Amino acid sequence: MQLMNSAERYGVVAQTLHWVTLALFVAIFALAWIQDGLPLSPEKIRLINLHKSVGVTILVLAVLRLAWRWFSPPPGLPPGMADWERRLAHASHVALYVVLLAQPVIGILHSAAANFPVVVFGLFTLPALIGPSQEVKEVLENAHHLLARLILALVVIHVLAALRHHFIVKDSVLTRMLPLMGKGRGE
């Protein structure tokens, strides 16, 4: 498998960043759901800290993904796509990158406003970018929850669009992001 993206498909770096990000999204949403149902306890604090660490990891991966897109541009959209489809695909990808960057930053700022440190996997502590503030904490907490719902909606749209391309349009949009798929292997 090629390292770099080609005109036809994503390379191993882009695919790995994509699927690891997805796995971390699943993990972070599961952690949030579990921790929200727990009473305040050492276990809940451990899960909250793990949630924050995964969020910081997603932020780092988002920056790496954007850098990789600049270094190794993604394959173009299939020929024959309508102009509105191209615009919608572009807008949805921009929206996904915005939330990949914004959600962890909002979470980090929320922790600072709540006067709780962000300790990344027990290895280091991020500096507090803002001071404690109950009002700011509440605004950021609401924004974090709202953005979580937006992320879920965008991911569902992204998956449905990929499935539409694969099963209805029958082009390579989905398979070019799948490991071990491509010319001669399912296309």
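Please read all numbers here as calculations on a predicted model, not as lab measurements.

## What about the overall build of the protein?
Okay, so step 1: Counting its regular elements, the protein contains four helices and two strands.
Okay, so step 2: Along its sequence from the N terminus, the protein presents helices and strands in the succession α-α-α-β-β-α.
Okay, so step 3: By residue count, 37% of the 187 residues in the protein fall in the buried class.
Okay, so step 4: In the protein, of all internal contacts separated by at least 6 residues, the share reaching a separation of at least 24 is 64%.
Okay, so step 5: Of the accessible surface of the protein, which amounts to about 11,200 Å², a share of 73% is contributed by carbon and sulfur atoms.
Okay, so step 6: Across the protein, 15 positive and 10 negative side-chain charges occur, with their mean positions spaced 7 Å apart.

## Overview of the layout of surface pockets
Unoccupied space between atoms shows up once a probe the size of one water molecule is rolled over them.
Okay, so step 1: Computed from the structure, the largest pocket encloses a volume of approximately 1,200 Å³.
Okay, so step 2: If you go around the largest pocket, you meet 42 residues; those closest to its centre are His18, Ser92, His93, Leu96 and His158.
Okay, so step 3: For the lining of the largest pocket, the secondary-structure elements that each account for two or more residues are α1 (12-36), α2 (42-71), α3 (83-113) and α4 (134-169).
Okay, so step 4: If one sorts the elements of the lining of the largest pocket by residue count, α3 sits on top with twelve residues.
Okay, so step 5: In terms of residue class, the lining of the largest pocket is made up of 28 nonpolar, eight polar and six charged.
Okay, so step 6: Taken together, 36 residues form the lining of the second largest pocket, with Gln35, Ile48, His51, His110 and His144 sitting closest to its centre.
Okay, so step 7: Sorting the residues of the lining of the second largest pocket by element identifies α1, α2, α3 and α4 as the ones contributing at least two each.
Okay, so step 8: With nine residues, the top contributor of residues to the lining of the second largest pocket is α2.
Okay, so step 9: For the lining of the second largest pocket, a count of residues per class yields 20 nonpolar, ten polar and six charged.

## Some details on the environment of Ser53
Okay, so step 1: You can see Ser53 is positioned in helix α2.
Okay, so step 2: Sequence separation between Ser53 and Gly122 is 69 residues, and the spatial gap between their C-alpha atoms is 8.7 Å.

## Digging into the nonpolar core
Okay, so step 1: Phe25, Val54, Ile58 and Leu100 are the most contacted members of the largest nonpolar core, which has 25 residues in total.
Okay, so step 2: Breaking this core down by element, the ones donating at least two residues are α1, α2, α3 and α4.
Okay, so step 3: At seven residues, the largest contribution of residues to this core is made by α3.
Okay, so step 4: Contacts of Val54, omitting those with residues within four sequence positions, involve Leu24, Ile28, Leu31 and Phe121.
Okay, so step 5: In this structure, Val56, Ile108, Val118 and Val120 belong to the second largest nonpolar core, which totals five residues.

Definitions and cut-offs
Residues numbered from 1 in each chain as written. Predicted model: local features only at pLDDT ≥ 70, side-chain atom pairs only at ≥ 80, totals over all residues. Heavy atoms only, no water. Helix = DSSP H or I, 4+ residues; strand = E, 2+ residues; numbered from the N terminus. Buried < 20%, exposed > 50% of the residue type's maximum accessible area, 1.4 Å probe, protein only. Contact = heavy atoms within 4.5 Å. Areas by Shrake-Rupley, 256 points an atom, 1.4 Å probe, with all protein chains shown as cover. Lys, Arg positive; Asp, Glu negative; His and termini not counted. Charge placed at Lys NZ, Arg CZ, Asp CG, Glu CD. 1 Å grid on protein atoms, 1.4 Å probe; cavity = no way out; pocket = protein on both sides within 12 Å on 5 of 7 lines; lining within 4 Å. Points joined across faces, edges and corners; volume = space filled by probe spheres on them. Nonpolar A, V, L, I, M, F, W, Y, C, P; charged D, E, K, R; others polar. Core = buried A, V, L, I, M, F, W, Y, C linked by side-chain atoms within 4.5 Å.

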